[in-house]
Amino acid sequence: QVQLVESGGGLVQAGGSLRLSCAASGRTFSSDAMGWFRQAPGKEREFVGCIRRSAGSTYYGDSVKGRFSISRDDAKNTVSLQMNSLKPEDTAVYYCAAGYRGGYAYTNEQAYAYWGQGTQVTVSS
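Residues numbered from 1 in each chain as written. Predicted model: local features only at pLDDT ≥ 70, side-chain atom pairs only at ≥ 80, totals over all residues. Heavy atoms only, no water.

1. Some thoughts on the nonpolar core
Rule in force here: Side-chain atoms within 4.5 Å are what join buried Ala, Val, Leu, Ile, Met, Phe, Trp, Tyr and Cys residues into a set we call a nonpolar core. Partly exposed describes any residue whose relative accessible area lies between the buried limit of under 20% and the exposed limit of over 50%, with all areas from a 1.4 Å probe on protein chains only and scaled to the type maximum. Numbered from the N terminus, helices here are DSSP runs of H or I no shorter than four residues, and strands are runs of E no shorter than two. Two residues qualify as a contact provided that any one of their heavy atoms is within 4.5 Å of a heavy atom in the partner residue.
Met34, Trp36, Phe68, Leu81, Met83 and Tyr94 are the most contacted members of the largest nonpolar core, which has 25 residues in total. Breaking this core down by element, the ones donating at least two residues are strand E3 (18–25), strand E4 (33–39), strand E5 (46–52), strand E7 (68–73), strand E8 (78–83), strand E9 (92–100) and strand E11 (119–124). Aside from chain neighbours lying at most four places away, what touches Leu81 is Leu18, Arg19, Leu20, Trp36, Val48, Phe68, Ser69, Ile70 and Tyr94. Counting residues in each nonpolar core, the second largest holds eight residues, with Phe37, Phe47, Cys50 and Ala97 among its members.

Shown next as structure tokens:
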């Protein structure tokens, strides 16, 4: 079985930073890509970014590009999301995703078979 557990969420003022971590267990770290998504109240789940295992390539959603960065440590089975220059509109539940399935774009939530429980990020103005 596969488990993903996010941590690091919390309350931060606008302009501040947070670092989220996703600890993976099971077979998931054979996943080619691991991603982060977020969902704000009343909105659809949104792609934040992902990292590919093969080349370490990263991709980001337009709303976070230049402010967020993703890294992974295969030895520790973790993926991290560093969030800088946070804005109130970044407030959401952030989810880690793994188990990439070919045939979908990395930005598509359907591409991922496994999900964490989510961690709340709240940015105050």
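2. Quick look at the state of the cysteines
To keep things clear, this is the line we draw: Here, two cysteine sulfur atoms that lie within 2.5 Å of each other are counted as a disulfide.
Across all of its chains, the model carries one disulfide by this definition. Note that Cys22 is cross-linked by a disulfide to Cys96, the S-S spacing being 2.1 Å. Residues Cys22 and Cys96 are joined by a disulfide whose S-S torsion is about -80°; by sign, that bridge is left-handed. With Cys22 in strand E3 and Cys96 in strand E9, the pair connects residues that are 74 residues apart, well separated along the chain. Taking the relative accessible area as the measure of exposure, Cys22 reaches 0% and is therefore buried. Its sulfur unpaired, Cys50 is 12 Å from the next cysteine sulfur, which belongs to Cys96.

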